[in-house]
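Geometric and topological summary
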Amino acid sequence: MSRKIHCLNPISQTGLKLLTADYELTDKAEEAEGILVRSASMHEMELPAGLEAIARAGAGVNNIPLDKCTEKGIVVFNTPGANANGVKELVLAGMLMAARDINGGIEWVKENKEDANISKDMEKSKKKFAGTEIKGKRLGVIGLGAIGVQVANAAADLGMKVYGYDPFISVNGAWQLSPFIEHVTDLDDIYKNCDYITVHVPLLDSTREMINKDAFAKMKDGVVILNYARDLLVNDDDMLEALESGKVHRYMTDFPNPKVTHMPGVIATPHLGASTAESEDNCAEMAVKELMDYLETGSIRNSVNYPACEMPPCRGACRLCIFNVNKPNMIGQFASVLAEEGVNIPDMQNKSKGEVAYTIMDADQEVSQRVVDRLMEIDGVYKVRVMKAE
Ligand SMILES: NC(=O)C1=CN([C@@H]2O[C@H](COP(=O)(O)OP(=O)(O)OC[C@H]3O[C@@H](n4cnc5c(N)ncnc54)[C@H](O)[C@@H]3O)[C@@H](O)[C@H]2O)C=CC1
Ligand SMILES: O=C(O)C(=O)COP(=O)(O)O
C-alpha cells in the first residue's frame, strides 16, 4: 500500500519527483501519513489520525502547532539553511533600496513616460532621489543563524561595519561567521551604534515584539529597520510612532499587514524572501528527503520537536519507534515489557531533546497489539509506531 502525502502549499516539483513509487500525493488531508507545507497555517486544522510527520519546506515553524504535534508523536521537520541565500539577497536589496530612493526614481520614470524630453528633464529632477551609500555604515544583525550569518558576511564584504548578536549561536554558525564581524553580547551595542538593524530570529514568545518603544529609544535617529523574519517581531504601533517622529527613516519588511501598509516610510514586499527557484527547490528536496527517511526508517534529521536519531536498517523482524516524555526509567520500562513478552532487542537507539525523548528499538519478532498497548500504558508515552522490516 502506498504512503499518502498531502501538500498544504505548492511544493517544487524538484522535491516531489524524489518521491518513489511507494508514495502517492493525495488531495485529502485526512488520509495523509505525511504533510508537506510552506507557510499555510495549521493551527486551526484538525490533524489527520494517521499523520506521522510534517515537513516544513522552509525555516519558520510558527505556522505549525508544535506542542500538539509533540503530544501526538508527530515529528515536525524544517529545512535549515535551504532558503538562506534567497533571503540574504532580498535583505541586501532591501538595504540598498533604503539607502537610495530607487523606488521613487522608478515611479518618476513611469509618471513621465510620455515626456519627449525625459532624457533632459531627469537630469533636473534626479536630485529628489539622491541617497547615500551603505559602504562604511554600521549594520546590526540580530540572530546569527543560517540567514543572519550570510547577511553579516555579505554586508562586511560590501564594506559595512557589522555587529552581530546571538546569545545562542551554534558552533556551526560561529565557524561560518567572518572574522570581520564584531560579535556583541549586549543588544544595546547594536541599538546604540547601528545605522541599519536587521532581525533574523525565529518568532518565539521571547522574541515577539522585541523591536518596540524601548528598543527604539536606544537607537540612533534615522535608523533603518529591516524585518525579513516575521511581522510579530515588531510592535506595529511603536513602529508607526518611530516612523512619524523620524527615529526610523525606513522600515523595510517582507511582512506587510493592514497597519504596516498604511505607515509612511515603509517599503514592503509580499513575503518574497524564499520565493526563488533555487530556494524553493532546495527546501522541497530537503523536506521530501527528511519525510521519506523518517517514514521508511524512523530516523529523524532536522526535526524541531524531536531529537535527531539515526539508525541503520532494521536488524530484527520489526522496528518500534517510541515517543515519550524525557524522564528517568523510560527505557528500563520499555525493555521490561519486551522481556516479559519474550521479545529480544538486537539494536536500539535513544535520544532526548529538552522535555521529550525518542527511542528506536528493533525487535527480533513481530510484536502483537498487546505489546504496543502495554508500552502505551507506561506513563509519559505519547505514541508507539511499529514498522515491519522490509
Ligand atoms: N522572509 C522569508 O521568506 C523567510 C523568513 N525566515 C524567517 O527568518 C528566521 C530565521 O531563519 P534562519 O536564519 O534560517 O533560522 P536559524 O534557526 O538558522 O537562525 C535563527 C537564529 O536566531 C537565534 N536567536 C534565537 N533567539 C534569539 C534572540 N532572542 N536574540 C538573538 N538571536 C536569537 C538562534 O540562536 C539562531 O542562531 C526564521 O525563523 C523565519 O521566521 C526564514 C526564511 C525565509
Ligand atoms: O522559511 C521561512 O521561514 C519562510 O518564511 C519562507 O516562507 P515560504 O516558504 O516562502 O512560504
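Residues numbered from 1 in each chain as written. Chains lettered and ligands numbered in written order. Predicted model: local features only at pLDDT ≥ 70, side-chain atom pairs only at ≥ 80, totals over all residues.

Per an unreviewed UniProt entry, the protein chain goes by the name D-3-phosphoglycerate dehydrogenase and belongs to Fusibacillus kribbianus. Taken from UniProt, the Sequence similarities (unreviewed entry) comment for the protein chain reads in full: "Belongs to the D-isomer specific 2-hydroxyacid dehydrogenase family." Recorded in UniProt under Pathway (unreviewed entry), the annotation for the protein chain is "Amino-acid biosynthesis; L-serine biosynthesis; L-serine from 3-phospho-D-glycerate: step 1/3." (UniProt positions renumbered as here; feature names shortened; annotations may be inferred.)

1. Description of the pairing of strand 11 (residues 248-253)
Of all the 6 residues making up strand 11, 5 are buried; the element is thus mostly covered by neighbouring parts of the structure. Where strand 10 (residues 223-227) meets strand 11, 5 bridges bridge the pair, whose relative direction is parallel. Paired with Asn227 across the two strands is Thr253, which belongs to strand 11. Crossover connection from strand 10 via helix 10 (residues 236-245) to parallel strand 11: handedness right-handed. As paired elements, strand 11 and strand 12 (residues 266-268) share 3 bridges and run parallel to each other. (Buried ≥ 20, exposed ≤ 12 C-beta atoms within 10 Å, placed from the backbone. Helix = DSSP H or I, 4+ residues; strand = E, 2+ residues; numbered from the N terminus. Pairing = 2+ DSSP bridges. Right-handed = clockwise from strand over helix to strand, strands pointing away.)

2. Section: the site of ligand 1
For ligand 1, the set of nearby residues contains 34 residues, the closest of which are Gly60, Gly143, Gly145, Phe168 and Gly273. Looking at the shell around ligand 1, the elements with two or more residues in it are helix 3 (84-99) and helix 6 (146-157). At 3 residues, helix 6 tops the list of elements feeding residues into the shell around ligand 1. Class assignment of the residues belonging to the shell around ligand 1 gives a composition of 18 nonpolar, 13 polar and 3 charged. When residues of the shell around ligand 1 are sorted by domain, at least three fall in each of domain 1 (1-83 + 276-304) and domain 2 (84-268). (Near = placed C-beta within 6 Å. Nonpolar A, V, L, I, M, F, W, Y, C, P; charged D, E, K, R; others polar. Domains from an automatic or database assignment.)

3. Quick look at the site of ligand 2
In the vicinity of ligand 2, the contacting residues are Arg38, Ser39, Gly58, Ala59, Gly60, Asn83, His271, Gly273, Ala274 and Ser275. Of the residues assigned to the shell around ligand 2, the class counts are 2 nonpolar, 7 polar and 1 charged.

4. A look at the pairing of strand 7 (residues 161-165)
Counting buried positions over the 5 residues of strand 7 gives 4, a clear majority of the element. Pairing of strand 6 (residues 138-142) with strand 7, which is carried by 5 bridges, proceeds in the parallel orientation. Opposite Val141, over in strand 7, you have Gly164 as the bridge partner. Pairing between strand 7 and strand 8 (residues 182-183): 2 bridges, direction parallel. Residue pairing in the sheet places Gly164 in a bridge with His183 of strand 8. Where the polypeptide runs from strand 7 across helix 7 (residues 171-176) and back to strand 8, its parallel neighbour, the crossover connection is right-handed.

5. Notes on the confidence of the model for the protein chain
In the predicted model, the protein chain carries a mean pLDDT of 97, and 100% of its residues have values of at least 70. At the level of chain-chain contacts, confidence expressed as ipTM amounts to 0.99, with global pTM at 0.97. (pLDDT = per-residue confidence, 0-100.)

6. What about the sheet that holds strand 13 (residues 318-325)?
Taken in spatial order, the 4 strands line up as 14-15-13-16 in an open sheet, and their pairing is antiparallel. Both outer strands of the open sheet, strand 14 (347-353) and strand 16 (381-388), are each paired with one neighbouring strand and no more. On average, each strand axis in the sheet is inclined to that of its neighbour by 10°, with strand direction left out of account. Taken together, the 7 bridges between strand 13 and strand 16 define a ladder with antiparallel strand orientation. Looking at strand 16, one finds that Leu320 is bridged to Val386. Each of strand 13 and strand 16 is contacted by helix 13 (residues 369-377), which is oriented at about 155° to strand 16, the strand it contacts most. (Axes fitted to C-alpha atoms, helices over the stretch in contact; angles between N-to-C directions. Contact = placed C-beta atoms within 7 Å.)

7. A word on the domain arrangement of the protein chain
Each domain of the protein chain was delimited in the assignment, giving domain 1 (1-83 + 276-304), domain 2 (84-268) and domain 3 (307-390). Each of domain 2 and domain 3 was reduced to a C-alpha centroid, and the two centroids are 49 Å apart.

8. Remarks on helix 6
Because each turn of an α-helix spans 3.6 residues, side chains separated by three or four positions in sequence point in the same direction. With 12 residues, helix 6 extends 17 Å between its outermost C-alpha atoms, agreeing within 8% with the 16 Å of an ideal straight helix rising 1.5 Å per residue. Burial analysis of helix 6 places 9 of its 12 residues in the buried class, which makes it a mostly covered element. Along helix 6, the residues classified as buried are Ala146, Ile147, Gly148, Val149, Gln150, Val151, Ala152, Ala155 and Ala156. Taken together, the buried residues of helix 6 touch helix 3, strand 6, strand 7, helix 7 and strand 9 (196-199). At the C-terminal side of helix 6, Gly159 shows a positive phi close to 95°. (Expected span 1.5 Å × (residues − 1).)

9. Let's talk about the packing of helix 3 against helix 6
Closest axis-to-axis distance for the helix 3/helix 6 pair is 9 Å, and the angle between their directions is 45°. Considered as vectors, helix 3 and helix 6 are oriented oblique to each other. The handedness of the crossing between helix 3 and helix 6 is right-handed. Residues Ala84, Asn85, Val87, Lys88, Val91 and Leu92 of helix 3 pack against Ala146, Ile147, Gln150, Val151 and Ala154 of helix 6. Among the residues making up the contact of helix 3 with helix 6, the classes are represented as 8 nonpolar, 2 polar and 1 charged. (Parallel < 35°, antiparallel > 145°, perpendicular 65-115°, else oblique. Left-handed = near helix turned anticlockwise from the far one by under 90°.)

10. A closer look at the sheet that holds strand 3 (residues 34-37)
Spatially, the 5 strands line up as an open sheet ordered 2-1-3-4-5, and their pairing is parallel. Of all strands in the sheet, those with a lone pairing partner are strand 2 (23-25) and strand 5 (75-77), marking the two edges. This sheet shows a mean twist of 20° between the axes of neighbouring strands, independent of strand direction. Note: strand 1 (residues 3-7) against strand 2, 3 bridges, orientation parallel. Note that in strand 2 the partner of Arg3 across the bridge is Tyr23. Of the strands in this sheet, strand 1, strand 3, strand 4 (53-56) and strand 5 are in contact with helix 11 (residues 277-297), which crosses strand 4 at around 165°.

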